[in-house]
Amino acid sequence: MGFNKTLRPGLVQIRVLDLDKTLHFYKEILGLNEVCRSSDGLRVCLKAYDEFDHHSVTLRLASEAGLDYVAFKVNSPEELERIKDEVVAFGYRIDVIPPEYDQPGFGKRYAFTISTGHRFQIYSDVKLADQTPMIHNPDIWTEPPRGMRATRMDHFLLYGPNIAEAERFCKEVFGMYAPEVCNTVDGNRLAVWLTGSNKPHDLAFVEYPKPGKIHHLGFYLNDWTDIGNAADWIAVNRLKLDVGPTRHAITRGLTIYFWEPSGNRIEVYAGGYSAYPDHPQRVWDSDQLGRGLFYYSGEMVPSFLEIVT
Amino acid sequence: MRDTFVITLNAGQESFLCGEDDTVLAAMLRQRRGHLRCGCFGGGCGICKMRIVSGAYHQIKPMSRAHISEAEQAEGLALLCCIAPRGDMVLSRVDGNYE
Ligand code: FES
Ligand SMILES: [Fe+2]
């Protein structure tokens, strides 16, 4: 399948309140591998066992929980420059982050703020990790996956103002498309699911007055059995469950939402349909959103939509 | 033997018991008091913010400064998922945190 300009969300930096406890969750419970630490000890880089690139998640010790930024990998250095010019033409101011600046293994990145108040970055070059999935007569893993057995960082849901502009930006500049949307009764966008690949979403937005919020960070699991395994890990470790296990009608994914120890919401997700840019868009009315999100109960969980970090 | 304290809410209309090593939020939800919305239990989302009218507590987790500044904490606000009681406590509501 020919991907559009943006390959995938490849890196997120998350703020945590208690680095040791939260790192323990990401490593031993979610199942990510620690890749490296900053010399001041305040940031830790992690990757999932089935990812090739150097790392995909950086935790930063901070006095607030939430999201520092998300970074998208684009498919060539030439494309990176072209997209950068389009970001400027769209009206956003660019900051240049030199190679190896604060994310080991990463080449040059461009950073900018979109309408919803989120910091976005783009890059094309990143080193392969020391331990990647095998590629020659490959086995399915080299070390047995731990805990919830997350295979990759998959997507995120962002909350902020003016998602109509964010949607236009992702389509026009990143070359993404929106397999699903949700509109209010008066016809305004309440939520949009966007992708540059054939995952049903690389990211999603919900309209919200406060800028720069994250609703959840999603990690991919293999199947429904692994969703059940993840629920066991939540229960055994007394993590705070939010919703699930259930199915989304939107994206068709199988899912659980819960909170990591610093109060960032995590989703573990499996399945989902294959999206194609030529497929007709699926449209939800906001009064059906309960069924769209929590297909089995069909009912909205108020705290799910309202509480963000 | 661990100590248990009485936590009083809503100008004395409701109360519940909380052990010295339990978070006030966990005890409150288990005993179905307070009708606080349920959040992250990790000090990150700010949904469990209340005013500590009286009583000493022990902070067992960091609170996100996005939801409670040092000044607010100094004048008596706290995130209930981050604190355990040191004695009997009296709490009152903060606007916006109730269904
Ligand atoms: S429940 Fe989220 S800060 Fe207490
Ligand atoms: Fe999700």
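Asks: Would you take a moment to explain the packing of aromatic side chains for this structure?
Replies: The relation between two aromatic rings is expressed through the spacing of the ring centres and the mutual angle of the planes. Residues and elements named next belong to chain A. Overall, the coordinates contain 19 aromatic pairs over all chains when judged by the stated rule. Between Tyr92 and Phe112, the ring centres sit 6.3 Å apart and the planes meet at 15°, which makes this aromatic pair stacked. Placement of the pair is Tyr92 in the loop between helix H2 (77–90) and strand E6 (95–97) and Phe112 in strand E7 (residues 109–113), with a sequence separation of 20 residues. Each of the two residues, Tyr92 as well as Phe112, counts as buried.

Asks: Sorry, what's going on with the domain arrangement of chain A here?
Replies: Accessible area lost when the parts come together is the quantity often used to give the size of an interface. Residue and element names in this part refer to chain A. Here the domain parsing of chain A yields domain 1 (6–123) and domain 2 (154–306). Relative to domain 2, the C-alpha centre of domain 1 lies at a distance of 20 Å. Each side of the interface is counted separately: domain 1 has 38 residues, and domain 2 has 40 residues. Both faces considered, domain 1 and domain 2 share a buried interface measuring about 3,000 Å² in area, 72% of it formed by carbon and sulfur atoms. A per-residue breakdown of the area domain 1 buries against domain 2 is headed by Thr6, Phe90 and Thr116, which together make up 19% of the total. At the boundary of domain 1 and domain 2, one finds 0 salt bridges. At the level of secondary structure, the elements contributing two or more residues to the side of domain 1 that touches domain 2 comprise strand E1 (6–16), helix H1 (19–29), strand E5 (66–74), H2 and strand E8 (119–123). When its residues are assigned to classes, the side of domain 1 that touches domain 2 shows 25 nonpolar, 7 polar and 6 charged.

Asks: For this particular structure, what's the right way to read the pairing of strand E11 (residues 189–195) of chain A?
Replies: As a general feature of sheets, a regular strand has side chains that alternate between the two faces. Residues and elements named next belong to chain A. Within E11, 5 of the 7 residues are buried, which leaves the element mostly enclosed by the surrounding structure. Inspection of the sheet shows strand E10 (residues 177–183) paired to E11 by 5 bridges, in the antiparallel sense. Counterpart to Asn183 in the pairing with E11 is Arg189. The loop that links E10 with its antiparallel partner E11 comprises 5 residues; one of these, Gly187, has a positive phi angle of about 90°. By the bridge criterion, 4 bridges tie E11 to strand E12 (residues 203–207) in an arrangement that is antiparallel.

About the cut-offs
- Going along each chain's sequence as written, the residues are numbered from 1 onward.
- Naming scheme: in the order in which they are written, chains are lettered from A and ligands are numbered from 1.
- Totals for whole chains, interfaces and linings use every residue, but because this is a predicted model, local features are given only for residues with pLDDT of at least 70 and side-chain atom pairs only at 80 or more, for both listing and counting.
- Heavy atoms from the whole structure form the basis of all side-chain values; hydrogens and water molecules are not counted.
- Paired rings are identified among Phe, Tyr and Trp, the last through its six-membered ring, by centres lying within 6.5 Å, and are further divided according to the angle between planes into stacked (under 30 degrees), edge-to-face (over 60) and tilted (the rest).
- Elements are defined by DSSP. Helices are runs of H or I of four residues or more, strands are runs of E of two residues or more, and each kind is numbered from the N terminus.
- Exposure classes here rest on a 1.4 Å probe applied to the protein chains alone. A residue is buried below 20% of its type maximum, exposed above 50%, and partly exposed in between.
- Domain borders in the structure are assigned automatically or taken from a domain database.
- Pairs of residues are marked as contacts when any of their non-hydrogen atoms sit within 4.5 Å.
- When two components associate, each loses some accessible surface as probed by a 1.4 Å sphere; the sum of these losses over both components is called the buried area.
- Salt bridges are identified by distance alone: a Lys or Arg side-chain nitrogen within 4 Å of an Asp or Glu carboxyl oxygen.
- Each residue gets one of three labels, nonpolar for Ala, Val, Leu, Ile, Met, Phe, Trp, Tyr, Cys and Pro, charged for Asp, Glu, Lys and Arg, and polar for the others, Gly among them.
- The pairing criterion for strands is at least two bridges between them, as found by DSSP.

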